[in-house]
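# Structural features, examined
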Amino acid sequence: MEQYNSQFDDYIAKSAHFAKPILEYLRKIIHETCQDVEEVMKWGLPHFDYKSDMMCILAAYTKHCSFSLFKAELMSDSKLIESVKAGKKMGYMDKITSLADLPEKAVLVAYIKEAMALNESGVKKIRTKSEQPKVTEVPDYFNERLAANPLAKEIFESKPASFRKDYLIWITDAKTEATRQTRMEQALGWIAEGKGRFWQYKK
């Protein structure tokens, strides 16, 4: 039974123009291949879960998209293996700018089927750190808010990575759109004052 999440529709609608056909194409293939897949928003990103475990993840950024296979390091494809060895723990499809950057449909289907088999067998991803992914890029929706607040944008971009990461995790971890909007509004105010995410706890 296909399970669609309206939050995914909103995410795709708000993504950059180039990203929409990429996200829609991948979403379609995932559902065609795995009819029991479940769409879940986690950390502000579209996740596809199967058998109560993460299977793959989509993300849209300002200039590229990514299609991540959660258990890429456990898969058999040689290209995936090489990308994992090179430090890309969820595969090589992390800089997609057009449909032409994706492998052929048959390859994508094979990846999804193998990912399904891993989840069906109960194989777990080896986690040496927190399951929560690192936030290394600013989501488009926050970039837009920063662009509308030049002071906050200038301060945000001048701060160290740890400063930015604290805010990005807080914002992308929002479970609802309303909560995300509230957090972005609060964040912009604090950033404009040069305050870190946890400033109120510092003496």
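Summary of the structure given here. (Residues numbered from 1 in each chain as written. Predicted model: local features only at pLDDT ≥ 70, side-chain atom pairs only at ≥ 80, totals over all residues. Heavy atoms only, no water.)

### Remarks on the overall build of the protein
- Secondary structure assignment for the protein yields 8 helices and 4 strands.
- Across the protein, helices and strands are ordered from the amino to the carboxyl terminus as α-α-β-β-β-β-α-α-α-α-α-α.
- Over its C-alpha atoms the protein spans a radius of gyration of 18 Å, differing by no more than 12% from the 17 Å that the globule rule assigns to 203 residues.
- Along the first, second and third principal axes, the C-alpha set of the protein runs to 50 × 35 × 30 Å.
- Across the 203 residues that make up the protein, the buried fraction comes to 43%.
- In the protein, the proportion of contacts linking residues at least 24 apart, taken out of those at least 6 apart, comes to 61%.
- As presented, the protein carries roughly 11,000 Å² of accessible surface, and 54% of it is formed by carbon and sulfur atoms. (Helix = DSSP H or I, 4+ residues; strand = E, 2+ residues; numbered from the N terminus. Rg over C-alpha atoms; globule rule 2.2 N^0.38 Å. Buried < 20%, exposed > 50% of the residue type's maximum accessible area, 1.4 Å probe, protein only. Contact = heavy atoms within 4.5 Å. Areas by Shrake-Rupley, 256 points an atom, 1.4 Å probe, with all protein chains shown as cover.)

### Quick notes on the nonpolar core
- Counting 43 residues, the largest nonpolar core has Leu23, Ile30, Met55, Phe67, Leu69 and Met93 as its most contacted members.
- Secondary-structure elements contributing two or more residues to this core are α1 (6-14), α2 (19-33), β2 (45-50), β3 (53-60), β4 (65-69), α3 (78-85) and α4 (105-120).
- Discounting residues that sit within four places of it in the chain, isoleucine 30 has contacts with Val37, Phe48, Met55, Cys56, Phe67 and Ile112.
- Core analysis: the second largest hydrophobic core is formed by 16 residues, Leu146, Ala152, Trp170 and Ala187 among them. (Core = buried A, V, L, I, M, F, W, Y, C linked by side-chain atoms within 4.5 Å.)

### Thoughts on the pattern of salt bridges
- Counted by the stated rule, this structure contains 13 salt bridges.
- Salt-bridge contacts for glutamate 32 lead to lysine 28; the nearest nitrogen and oxygen are separated by 2.4 Å. Taken as a pair, glutamate 32 and lysine 28 lie in helix α2 at a separation of 4 residues, close to a single helical turn.
- Aspartate 53 is paired through a salt bridge with lysine 124; the nearest N and O atoms lie 3.5 Å apart. One end of the pair, aspartate 53, is in strand β3; the other, lysine 124, is in the loop between α4 and α5 (140-147), with 71 residues separating them in the sequence.
- A relative accessible area of 52% means that lysine 124 is categorised as exposed. (Salt bridge = Lys/Arg side-chain N within 4 Å of Asp/Glu carboxyl O.)

### What about the state of the cysteines?
- Considering all chains together, one arrives at 0 disulfides under this definition.
- Cysteine 56 forms no disulfide, and the closest cysteine sulfur to it belongs to cysteine 34, at a distance of 8.3 Å.
- Of the residues examined, cysteine 56 reaches a relative accessible area of 1% and is grouped as buried.
- Residue cysteine 65 stays outside any disulfide, its sulfur separated by 14 Å from that of cysteine 56, the closest cysteine.
- Its relative accessible area of 1% is what places cysteine 65 among the buried residues. (Disulfide = S-S within 2.5 Å.)

In short, the description is geometric, and any link to function would need to be established separately.
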